[in-house]
Amino acid sequence: MQKSSGSNNQDVKQKNRMLVLKLITVNKGVSRVDIAKMTGLSKMTVGNIVTELIEQGIVTEKNLSDNPFPQNNGNYGRKPIMLTLSPDSPCICGMLIKRELCQIVIGDLSGTILEQINYEFSSLENGDALIDMLMQGFQTLTARIERPILAISIASLGPLNSSDGIILNPPYFYGIENFPITSIIHKITGLPTFLVNDANAGALAEKLYGIGKDIPNFTYLHIMNGIGSGLVLKDSLYEGDTGQSGEIGHTSINFAGPQCACGNKGCLDLYANVDNMRQKVFELSPFYPASPLASVSHPTWYDIVDCANRKDALAIIVIEEFCSYVSYALINTLNLLNIATLIVGYDSSLNGFIIEDIIKNKLSRTLLSANYDDITVIHSKFNGNAPLIGSIAFIADKIFSLSLSLFK
Ligand SMILES: [Zn+2]
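The chain goes by N-acetylglucosamine repressor in an unreviewed UniProt entry, where it is assigned to Eisenbergiella tayi. Taken from UniProt, the Function (unreviewed entry) comment for the chain reads in full: "Transcriptional repressor of xylose-utilizing enzymes."

1. Some thoughts on the overall build of the chain
Along the backbone of the chain there are 12 helices and 15 strands. Rg of the C-alpha trace for the chain: 23 Å, near the compact-globule value of 22 Å for 408 residues, within the 12% margin. Across its three principal directions, the C-alpha atoms of the chain cover 70 × 50 × 50 Å. By the burial criterion, 51% of the 408 residues in the chain qualify as buried. Expressed as a percentage of contacts within the chain between residues at least 6 apart in sequence, the contacts between residues at least 24 apart total 64%. Carbon and sulfur atoms provide 50% of the accessible area of the chain, an area that totals close to 19,800 Å². Taking the average place of the 31 positive charges on the side chains of the chain and the average place of its 38 negative ones, the gap between the two points comes to 8 Å.

2. Examining the coordination of the zinc ion
Note on metal geometry: ideal angles are 109.5 degrees for four donors arranged tetrahedrally and 90 or 180 degrees for six donors arranged octahedrally. The zinc ion binds to the protein through His 250 (ND1), Cys 260 (SG), Cys 262 (SG) and Cys 267 (SG); the donor distances cover 2.1 to 2.3 Å. In the primary sequence, the donor residues of the zinc ion line up as H-x9-C-x1-C-x4-C. Of this pair, His 250 sits in the loop between β13 (236–238) and α7 (268–271) while Cys 267 sits in the loop between β13 and α7; the two residues are 17 residues apart in sequence, bridging distant segments of the chain.

3. Description of the packing of aromatic side chains
The tally for this structure, following the rule as stated, stands at six aromatic pairs. Ring plane angle 45° and centroid distance 5.6 Å describe the contact between Phe 173 and Tyr 174, whose orientation is recorded as tilted. On the basis of relative accessibility, which here comes to 1%, the residue Phe 173 falls in the buried class. By relative accessible area, which is 23% here, Tyr 174 ends up partly exposed. Ring centres of Trp 301 and Tyr 346 lie 5.7 Å apart, and the angle between their planes is 85°; this geometry places the pair in the edge-to-face category. Residue Trp 301 is located in helix α9 (residues 301–309), and its partner Tyr 346 is located in strand β14 (residues 341–346); the two are separated by 45 residues in the primary sequence. A residue is classified by how much of its surface remains accessible, and Tyr 346, at 1% relative accessible area, is buried.

4. Re the packing of helix α1 (residues 9–26) against helix α2 (residues 32–39)
Axis separation between α1 and α2 bottoms out at 11 Å; the angle between their running directions is 120°. One finds that α1 runs oblique with respect to α2. The handedness of the crossing between α1 and α2 comes out as right-handed. Contacts between α1 and α2 involve Leu 19, Val 20, Leu 23 and Ile 24 from the former and Ile 35, Met 38 and Thr 39 from the latter. A breakdown of the residues in the contact of α1 with α2 according to their chemical character gives six nonpolar, one polar and no charged.

5. So, the environment of Leu 109
When you line up the elements, Leu 109 lands in the loop between β5 (101–108) and β6 (113–120). The exposure class assigned to Leu 109 is buried, which follows from its relative accessible area of 0%. For Leu 109 and Gly 384, which are 275 residues apart along the polypeptide, the C-alpha to C-alpha distance reads 20 Å. Beyond its immediate chain neighbours, meaning those up to four positions away, Leu 109 contacts Leu 21, Thr 25, Leu 85, Ile 92, Tyr 209, Ala 396, Ile 399, Phe 400 and Leu 406.

6. Looking at the side chain of Ser 291
Tracing the backbone through its elements, the reader meets Ser 291 in the loop between α8 (274–284) and α9. Sequence-distant contacts of Ser 291, defined by excluding residues within four places in its chain, comprise Asp 312 and Leu 314.

7. Comments concerning the sheet that holds strand β7 (residues 149–156)
Here we have five strands laid out as an open sheet, ordered β6-β5-β4-β7-β10, and mixed in their pairing. Either end of the sheet is taken by a strand with one partner, and the two such strands are β6 and β10 (193–197). Within the sheet, the average angular offset between the axes of one strand and its neighbour, ignoring direction, is 15°. Pairing of strand β4 (residues 91–97) with β5 involves seven bridges; the strand directions are antiparallel.

8. With respect to the nonpolar core
Across soluble globular proteins, nonpolar side chains show a tendency to be buried alongside one another. Counting 51 residues, the largest nonpolar core has Leu 21, Leu 109, Tyr 209 and Ile 399 as its most contacted members. In terms of residue count, the dominant contributor to this core is helix α12 (residues 386–400) (10 residues). With sequence-adjacent residues up to four places away left out, Tyr 209 is seen in contact with Val 26, Asp 108, Leu 109, Ser 110, Gly 111, Lys 381, Phe 382, Ile 389, Ile 392, Ala 393 and Ala 396. Counting 42 residues, the second largest nonpolar core, distinct from the first, contains Ile 223, Val 274, Trp 301 and Leu 334.

9. A few points about the domain arrangement of the chain
You can read the domains of the chain as domain 1 (9–85), domain 2 (91–203 + 387–400) and domain 3 (214–380). Relative placement of domain 1 and domain 3: their C-alpha centres are 40 Å apart.

10. Focus: the sheet that holds strand β15 (residues 376–379)
As a general point, the strands of a sheet are linked pairwise by backbone hydrogen bonds and lie either parallel or antiparallel. If you trace the five strands from one edge of the open sheet to the other, you get β13-β12-β11-β14-β15, paired in mixed fashion. The open sheet has two edge strands with one neighbour each: β13 and β15. Averaged over all pairs of adjacent strands, the angle between their axes in this sheet comes to 30°, without regard to strand direction. As defined by bridge partners, strand β12 (residues 227–233) adjoins β13 across three bridges and the pair is classed as antiparallel. Across the sheet, Leu 233 pairs through a bridge with Ser 236, a residue of β13.

11. Some words on the layout of surface pockets
What the second largest pocket holds in volume is close to 310 Å³. Counting contributing residues per domain, the lining of the second largest pocket is built from domain 2 (91–203 + 387–400) and domain 3 (214–380), each supplying no fewer than three.

12. Section: the environment of Asn 27
On the secondary structure map, Asn 27 appears in the loop between α1 and β1 (30–31). Excluding its chain neighbours within four sequence positions, the residues that come into contact with Asn 27 are Lys 22, Met 38 and Lys 213. Among the polar contacts made by the side chain of Asn 27, one reaches the main-chain carbonyl oxygen of Leu 23 at a distance of 3.0 Å.

Conventions and cut-offs
Sequence order as written defines the numbering, with residues in each chain counted from 1. Confidence filtering applies because this is a predicted model: local features only for residues at pLDDT of at least 70, side-chain atom pairs given and counted only at 80 or more, and all residues used for totals across whole chains, interfaces and linings. Where side-chain values are given, they derive from all heavy atoms of the structure, hydrogens and water being excluded. UniProt positions are given in the numbering used here, feature names are shortened, and annotations may be inferred rather than shown by experiment. Strands here mean DSSP runs of E at least two residues long; helices mean DSSP runs of H or I at least four residues long; both are numbered from the N terminus. To get the radius of gyration, use the C-alpha atoms; to get the globule rule, take the number of residues to the power 0.38 and multiply by 2.2 Å. Relative accessibility thresholds used throughout: buried, under 20% of the residue-type maximum; exposed, over 50%; partly exposed, between the two (1.4 Å probe, protein chains only). Should any heavy atoms of two residues lie within 4.5 Å, those residues are considered in contact. Computed with a 1.4 Å probe, the accessible areas rest on the Shrake-Rupley method; for each residue, only the protein chains presented here act as cover. Here Asp and Glu are counted as negative and Lys and Arg as positive; His is not counted, and neither are the chain ends. For charged residues, the charge sits on one atom: NZ in Lys, CZ in Arg, CG in Asp, CD in Glu. Distances decide who is a donor: an N, O or S atom must be within 2.8 Å of the metal, or within 3.2 Å for Na, K and Ca. Water is not included, so sites may look incomplete. Any Phe, Tyr or Trp ring, taking Trp's six-membered ring, that has another such ring centre within 6.5 Å forms a pair; planes under 30 degrees apart are called stacked, those over 60 apart edge-to-face, and the others tilted. With axes taken as lines fitted to C-alpha atoms, and helix axes fitted only over the stretch in contact, angles between N-to-C directions fall between 0 and 180 degrees. Should an angle fall under 35 degrees it is taken as roughly parallel, and over 145 as roughly antiparallel, whereas 65 to 115 is taken as roughly perpendicular and any remaining angle as oblique. Crossings are sorted by hand: turned counterclockwise from the far helix by less than a right angle, the near helix makes the crossing left-handed, and turned clockwise it makes it right-handed. Here the nonpolar group is Ala, Val, Leu, Ile, Met, Phe, Trp, Tyr, Cys and Pro; Asp, Glu, Lys and Arg are the charged ones; every other residue, Gly included, is treated as polar. Two strands qualify as a pair provided DSSP detects at least 2 bridges between them. Here, the term nonpolar core denotes a set of buried Ala, Val, Leu, Ile, Met, Phe, Trp, Tyr and Cys residues that are joined through side-chain atoms within 4.5 Å. All domain edges in this entry derive from an automatic or database-based domain assignment. Both site types are read off a 1 Å grid over the protein atoms alone. A 1.4 Å probe that fits but cannot get out defines a cavity, while an open set with protein on both sides within 12 Å along at least five of seven lines defines a pocket; lining residues have an atom within 4 Å of a point. Grid points are joined across faces, edges and corners, and a volume is the space filled by probe spheres set on the points. Polar contacts, as used here, are pairs of N or O atoms within 3.5 Å; protein pairs need one atom able to donate a hydrogen and one able to accept it. Residues neighboring in sequence count only if both atoms are side-chain atoms.

Below is the structure:
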């Protein structure tokens, strides 16, 4: 039977507290008056909540004279006191697992990274070696910081069963399969520990702290070794039944295509990848001898995007093909869910955004909703770092939505 739950006064009070805290953290400096306007709560209610949060050491006041961007337009009068997270407020440990890199960070509820350590590797003996590396990073960082740690969130390459905290069977991940990572880390640290798909984490970073803050529905597309996507629907991350939502790399763009390790045929990941792009460069370079790519023996993703941004014809052909594959898969998602906004993140801080331009062009010609609505394709606020920031956002979101307590 479907369960419904009502709200008592205590629930409503808690909900308001977390709403006020969320506005203070994600807006990085608002006044009590701003919060009352944004929430519709009375000034007295906001004042009482803020007083409590200050007494608990979570929020602090900041004089406007400290603020380099005064908001009173030069008018003299009573300056509002800005609110911000306390420098002693509790922190979050975020971990990002990629195929050849682990990044471990300590951040606060505002998504600000305070400490970070990276480990590069080219092989892993087994799951225990992965745990050793993550724990070494955790211990190093927690020794540097005296603030309490609320929880650990692990953003990882998939496929995962995030609700059970299990890394299932990521392709080419050193044979690590069905690995119950969250229960092991929880056992060692005693902290609440969660697992989230990396692209889902990226989507949440954009929703909470990034360019998607005011966009209710969007798809976040992350391009790395493989391609992942995360869905934000009605202002919330959509994780599906077991946290496997957004596996766009394993949607088929060719039912007669090659067999994929996932069991499906013609998956996007088999077509839109750097190896295929490199092969295309190799095949076409005799026809484009002036291209800088023609003289590079092993062009990287960065090389190809960089050349395309500088209007190199060979690079543009290769990127065009890549974007065609991605667009075919995207159209399925965007048409199915009637989403008109795409946020794209990839490991490159290059200006130019040619990938966004090409994808937008392709979608504008084929997407159903493009007939009556503009398609918006924007670059991630965090470039390739959205999944890492998202590992922090995943816990912050749980606290703001009351599914995890701020107090032990
Ligand atoms: Zn597949």
